[in-house]
Amino acid sequence: MKLDSMYQEVILDHYKNPHGRGLRDGDAEVHHVNPTCGDEITLRVKYDGTTIEDVSYEGQGCSISQASASVLNELLVGKELTDARRIQETFLELMQSKGKIEPDDAMEEVLEDAVAFAGVSKYPARVKCALLSWMAWKDATAQALGADAERKTA
Amino acid sequence: MTQLPGLLDTEAIRKDFPILDRQVHDERKLVYLDNAATSQKPRQVLDALSEYYERYNANVHRGVHVLAEEATALYEGARDKVAAFINAPSRDEVIFTKNASESLNLVANMLGWADEPYRVDSETEIVITEMEHHSNIVPWQLLAQRTGAKLKWFGLTDDGRLDLSNIDQIITEKTKIVSFVLVSNILGTVNPVEAIVRRAQEVGALVCVDASQAAPHMPLDVQALQADFVAFTGHKMCGPTGIGVLWGRQELLEDLPPFLGGGEMIETVSMHSSTYAPAPHKFEAGTPPIAQAVGLGAAIDYLNSIGMDKVLAHEHALTEYAVKRLTEVPDLRIIGPATAEDRGAAISFTLGDIHPHDVGQVLDEQGIAVRVGHHCARPVCLRYGIPATTRASFYLYSTPAEIDALVDGLEHVRNFFG
Ligand SMILES: Cc1ncc(COP(=O)(O)O)c(C=O)c1O
């Protein structure tokens, strides 16, 4: 059944047992919404230099958007900003692939659990759900580190 | 097969709607329960559209040749059909727009630019309700921001009805316009027009009714409503997209200023100033949606051939059945009136903490089309403390079997996320 390609076990696990949920201390906070469906997220980032010390979040939304935020937390906390950006860009590429990218080993190495979202990219209405927290993270990072850091690592 | 009193002969009706035969996702039968978003179109409407383009296409009101005259007659003929359908005292009170949103924006802009006694300004108030579609909120917010007028609204009761307990404080001598929805697209509530109109008339306020979810589903009589403006949209009533209606009382349409300027809406134009054509043309600048108006005319013929009172009875029977069946689903909470009384055929609900997006996705996999989200009525979701709802909405071709399919589908959803 096609549904299983969207609702991978990994995704349902993250949805039911989210990582790092809840708002904690941060350097910047953003609030993003998906106006077509009402998914919302409030997300904070905390940096130690250019190392991600924490990404905390609170929000409401479907399993895809909630699981995606959980995966983001698991993947990005502890990473250097440059590595985190590479993960974010790879995830974006995968999600915008309209189901055309079959993740290979190299991609899987970068994305870890996030490759499970490959199936979601076939559902245009749900891609925004999967990207919500990632866009929020990008925005919060820009705010926390300022345009300067943005340029240096771009 | 479940037999309910009042049902239409859906087997015959469904033959008129080619799309209902479609299969989706590996040969699943389409169960289309998203009629509040848009209705499907019968063959009669599709034929009218293609016949118009194949035989009559020309611009209207601006040619002496045969096609121009025939196209004009068809376009104006559609206006006659709409006028009769809503029991308008005059065909000149029927303005064609592109949809209900444009109709409502048109009213707001007429009032924004009007002279006394209609003028909305910083001394005056605008009244809406908390259950409006965004199309009947945002135009009034814009008007309030631009004029300094105060925007007020009726709140909602816990069971999804308008709270009119403080009607005398909400609608006051300062109120210029009261605009509200006749049937809510999210809650399904049918609102008590009379009480609101009576109070508005007492204070001399105009009344605008958003009938987008009423015109497709029940007899609509603008004289009985006693409103000043009534807006609705063609695509929810078997017509094509791109055509909407604003009905307005003749004296008002004569007095109120035009909003959009252009061809068609003028009498004479010089480089210094212009005079305007009489209503309704004063409010129809530019080439109108001609084929779409013709298509709406065909949709009205189709609905009339069935009878709006019969459509209403059919949907009422379905709604009663759906409310009963849905109430049996564990963890399901209906957002809106819990019975079929004074209720239209759109039913919103939540299912435990399973997000409506996920509900909709799993239903879709079974061929069942519902709408999920805030249904362009986000304040309603905020009011009831929910992020979104799943909404099933029925029409004249919907069947009890489709409601059974929905209920089975929801069971499947519960198992999937259980
Ligand atoms: C109650 C109500 N008002 C207004 C509208 C707006 O209709 P349209 O999008 O055709 O302008 C809708 C439809 O979505 C509606 O349900």
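Residues numbered from 1 in each chain as written. Chains lettered and ligands numbered in written order. Predicted model: local features only at pLDDT ≥ 70, side-chain atom pairs only at ≥ 80, totals over all residues. Heavy atoms only, no water.

The name given to chain A in an unreviewed UniProt entry is Fe-S cluster assembly sulfur transfer protein SufU, with the source organism recorded as Streptomyces ossamyceticus.

Things to note about the site of the ligand
Residue and element names in this part refer to chain B. Our working rule: Note on terminology: near, applied to a residue and a molecule or strand, indicates that one of the residue's heavy atoms is within 4 Å of it. Between N or O atoms, a polar contact is any pair within 3.5 Å; within protein, one atom must be a potential hydrogen donor and the other a potential acceptor, and residues adjacent in sequence are included only when both atoms are from side chains. Note on areas: these come from Shrake-Rupley sampling with a 1.4 Å probe, and a residue is covered only by the protein chains present in the view. When residues are grouped by polarity, Ala, Val, Leu, Ile, Met, Phe, Trp, Tyr, Cys and Pro land in nonpolar, Asp, Glu, Lys and Arg in charged, and all others, Gly among them, in polar.
Lining the immediate surroundings of the ligand are 13 residues, of which Ser101, Asp210, Gln213, Thr233 and Lys236 lie closest. Interatomic distance of 2.7 Å between a side-chain N/O atom of Thr233 and an oxygen atom of the ligand. Contacts to the ligand include Lys236, whose side-chain N or O atom sits 2.7 Å from an oxygen atom. Contact with the protein chains covers 88% of the free accessible surface of the ligand, which is 390 Å². Looking at the shell around the ligand residue by residue, the classes come out as 2 nonpolar, 9 polar and 2 charged.

A closer look at the sheet that holds strand 9 (residues 229-233) of chain B
Residues and elements named next belong to chain B. Here is the rule we go by: At least two DSSP bridges between two strands are needed for those strands to be called paired. The helix count covers DSSP runs of H or I at least four residues long, the strand count covers runs of E at least two residues long, and both are numbered beginning at the N terminus. Axes here mean lines fitted to C-alpha atoms, for a helix over just the part in contact, with angles spanning 0 to 180 degrees between N-to-C directions. Should any heavy atoms of two residues lie within 4.5 Å, those residues are counted as being in contact.
Taken in spatial order, the 7 strands make up an open sheet running 4-10-9-8-7-5-6, and their pairing is mixed. Two strands lie at the open edges of the sheet, namely strand 4 (94-97) and strand 6 (150-154), each paired on one side alone. Direction aside, neighbouring strands of the sheet carry axes that sit 20° apart on average. Bridging between strand 4 and strand 10 (residues 244-248) involves 4 bridges; their strand directions are antiparallel. The partner of Ile95 across the bridge, within strand 10, is Leu246. Running at roughly 120° to strand 4, helix 3 (residues 66-85) makes contact with strand 4, strand 9 and strand 10 of the sheet.

As for the sheet that holds strand 1 (residues 28-34) of chain A
Residue and element names in this part refer to chain A. On the basis of which strands lie adjacent, the open sheet formed by 3 strands has the order 1-2-3 and antiparallel pairing. The two strands at the open ends of the sheet, each matched to only one other strand, are strand 1 and strand 3 (51-60). On average, each strand axis in the sheet is tilted by 20° relative to the strand beside it, whichever way the strands run. Direction of pairing for strand 1 relative to strand 2 (residues 39-48): antiparallel, over a ladder of 7 bridges. By the bridge assignment, His31 is partnered in strand 2 with Thr42.

Description of the interface of chain B and chain A
Formally: The buried area of a pairing is the accessible area, by a 1.4 Å probe, that goes missing from both parts when the two are put together, added over both. Each reported salt bridge corresponds to a side-chain nitrogen of Lys or Arg within 4 Å of a carboxyl oxygen of Asp or Glu.
Every contact between the two is made by 18 residues of chain B and, on the other side, 22 residues of chain A. Carbon and sulfur atoms supply 53% of the area that chain B and chain A bury against each other, a total of about 1600 Å² over both sides. Put simply, chain B and chain A have 2 salt bridges between them. One salt bridge connects Arg126 of chain A with Asp358 of chain B, and the closest N-O pair in it is separated by 3.0 Å. At the surface where chain B touches chain A, the tally comes to 7 residue pairs in polar contact (both at pLDDT 80 or more). For the side of chain B that touches chain A, the elements supplying multiple residues, two or more each, are helix 12 (356-365) and helix 14 (400-417) of chain B. Broken down by element, the side of chain B that touches chain A gets its largest block of residues, 5 residues, from helix 12 of chain B.

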